[in-house]
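Next come the chains, spelled out residue by residue.
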Amino acid sequence: GSMTVGELAKLLHKDASEVIKKLIFLGVMATINQELDIETIQLVASEFKVEEVEVKIPVEEDDFETVEEKDEEESLETRAPVVTIMGHVDHGKTTLLDAIRSTNVTSGEAGGITQHIGAYQVEINQKKITFLDTPGHEAFTMMRARGAEVTDITIIVVAADDGVMPQTVEAINHAKAAKVPIIVAVNKIDKPDANPDTIKQELTKYELVPEEWGGDTIFVNVSAKQRTNLEELLEMILLVAEVNDYKANPNKRARGTVLEAELDKGKGPVARVLVQHGTLKIGDAFVAGNTFGRVRAMINDKGRRLKEADPSTPVEITGLTEVPQAGDPFMVFEDERKARAISERRSIKQRQSEMGANSRVTLDDLYKHIKEGEIKDLNVIIKADVQGSLEALRGSLEKIEVEGVRVKSIHNGVGAITESDVALASASNAIVIGFNVRPESQAAVAAEQEKVDVRLHNIIYNVIEEIEQAMKGMLDPIF
Ligand code: GDP
């Protein structure tokens, strides 16, 4: 997993003495045969000028991405479908999610305390359905962008008193792009001005045609508030699931996706994971993104302790060493040593891709870099005051394309610009965009030192325009 000073020096094409000097500079007294931890390796690698160095860590054959073996048909068993609810704001996504969850608390489970673990399961006709707890296409697409495919079926909620709205269309497009089947829930039919047939009519424009009109889209009229027709909606989900025959092999090491993760005051790092293949068990050693651990405890969405979790089961697990990210892949390995080694390798690989940089870019000299063909992507880090603007900004920026050069958001988040944002920008030749946020004082100092271009805005249009102008070489210099 880790490597010695000597090995690192070789990798960096440096003398061991130079590496040792850097280490001393960083406050680490080391000898040539000393094993270094991952953080130190990364620090040293970034201390040497990035453009001189191409760090390549040898990749073992059984690396994370390639380890999945093909399942024999007979090893596959039917699993619960995984459903995401999407639609325009205020059309009733959250109310519907809550209504389905509470409708389905059977008497036996009434004692369990509902836990928010990123997803929940309901049972109807002895069959289970898993619902992802975060509604909306932003979360859905964020997961996809990170390579996680978790949703089998999408429910598009349209309020019968409001009709098809911009985010309804976005949701439809996102579901279609993912090739995920759509069920339309026409909501708020309890309202006097509800007009479900108008919704059906409007949706034909988006190729969602109800069966009675010769199409193949299932429409269900519901009232999330009054809990009308929820059972019918669940039955329709089971119908679509039956047609698509979702299966997985439960008899192997678990593999899945991190839905959420956080540092819990009492429990330490927790990850809410959707198991997608195999069965996850207490004591299993695993990798989640760049971190690893051993499953200490597992609880389900009813707060029950589980010993095992099979495919399509969401669980909250403890026993991690650090907090992974939503959308990170999750995978069990034969032992903790292996898991640790794989997670370290993944950290290094991520670091490498973040370091794929030439000289530092600023908006003012961007055009020159583009013209010289040095830049294929303009890397940006976006920080904003709220998730909504963040998504909107990122969406708009990633649409920009000038002479084949595109904007690539390598990191984004809600909150002030931190020192670590600046560090990432510095390591990956990115610029930092702050929307309605400012850099923390340490971050401002670091940006100055590292010559990282930080742009602060409070109007989305201005951000887009500035970036576009810079890419075209038409940016007015700021004096
Ligand atoms: P979201 O933004 O899509 O998650 O929408 P919410 O679930 O927060 O619902 C927005 C508003 O619509 C809330 O005030 C809900 O009480 C209301 N609402 C949701 N479903 C229904 C429904 O079936 N009938 C009526 N009358 N109101 C509803």
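Residues numbered from 1 in each chain as written. Predicted model: local features only at pLDDT ≥ 70, side-chain atom pairs only at ≥ 80, totals over all residues. Heavy atoms only, no water.

By the naming in an unreviewed UniProt entry, the chain goes by Translation initiation factor IF-2 and is assigned to Paenibacillus albicereus. The UniProt entry for the chain carries the following text under Subcellular location (unreviewed entry): "Cytoplasm". Per UniProt, the chain carries the Function (unreviewed entry) text "One of the essential components for the initiation of protein synthesis. Protects formylmethionyl-tRNA from spontaneous hydrolysis and promotes its binding to the 30S ribosomal subunits. Also involved in the hydrolysis of GTP during the formation of the 70S ribosomal complex." (UniProt positions renumbered as here; feature names shortened; annotations may be inferred.)

J.: Help me understand the site of the ligand in this model?
T.: The environment of the ligand is formed by 15 residues, the closest being D90, K93, T94, T95 and D190. Contact distances for the ligand include 2.6 Å between an oxygen atom and a side-chain N or O atom of T94. N187 is positioned such that a nitrogen or oxygen atom in its side chain is 3.1 Å from an oxygen atom of the ligand. Relative to its free-state accessible area of 580 Å², the ligand is covered by the protein chains to the extent of 76%. In terms of residues, the shell around the ligand owes the most to one element, helix α4 (residues 93-103), which gives three residues. Its residues placed into classes, the shell around the ligand shows two nonpolar, seven polar and six charged. (Near = heavy atom within 4 Å. Polar contact = N/O pair within 3.5 Å; in protein donor to acceptor, adjacent residues only side chain to side chain. Areas by Shrake-Rupley, 256 points an atom, 1.4 Å probe, with all protein chains shown as cover. Helix = DSSP H or I, 4+ residues; strand = E, 2+ residues; numbered from the N terminus. Nonpolar A, V, L, I, M, F, W, Y, C, P; charged D, E, K, R; others polar.)

J.: What am I meant to see in the packing of α4 against helix α8 (residues 230-244) here?
T.: When two helices pack together, their arrangement is given by the angle between their axes and by how far apart the axes lie. It is the contact of α4 with α8, at a shortest axis distance of 11 Å, that shows an interaxial angle of 90°. The angle between the axes of α4 and α8 places the two elements in the roughly perpendicular class. Each of L96, A99, I100 and T103 in α4 lies in contact with α8, whose residues at this interface are L230, L233 and L234. Of the residues in the contact of α4 with α8, the class split is six nonpolar, one polar and no charged. (Axes fitted to C-alpha atoms, helices over the stretch in contact; angles between N-to-C directions. Parallel < 35°, antiparallel > 145°, perpendicular 65-115°, else oblique. Contact = heavy atoms within 4.5 Å.)

J.: Explain the sheet that holds strand β5 (residues 119-124) here, please?
T.: Strand-to-strand pairing in sheets goes through backbone hydrogen bonds, with the strands running parallel or antiparallel. Taken together, the six strands give an open sheet; going across it, the order is β5-β6-β4-β7-β8-β9, and neighbouring strands pair in mixed fashion. Each end of this open sheet is capped by a strand with a single partner; those strands are β5 and β9 (218-221). Direction aside, neighbouring strands of the sheet carry axes that sit 30° apart on average. Pairing between strand β4 (residues 82-87) and strand β7 (residues 153-159): five bridges, direction parallel. Residue pairing for β7: M86 is matched across the bridge by I156. Its contacts with the sheet put helix α6 (residues 166-177) on β4, β7 and β8 (182-187), and the angle it makes with β7 is roughly 170°. (Pairing = 2+ DSSP bridges.)

J.: How should the pairing of strand β15 (residues 291-299) be read in this particular structure?
T.: Counting buried residues in β15 gives seven out of nine residues, a clear majority hidden from the surface. Inspection of the sheet shows strand β14 (residues 285-288) paired to β15 by four bridges, in the antiparallel sense. Bridging across to β15, A288 finds its partner in T291. From the end of β14 to the start of β15, which pair antiparallel, there are two residues, and G289 there has a positive phi angle of about 60°. (Buried < 20%, exposed > 50% of the residue type's maximum accessible area, 1.4 Å probe, protein only.)

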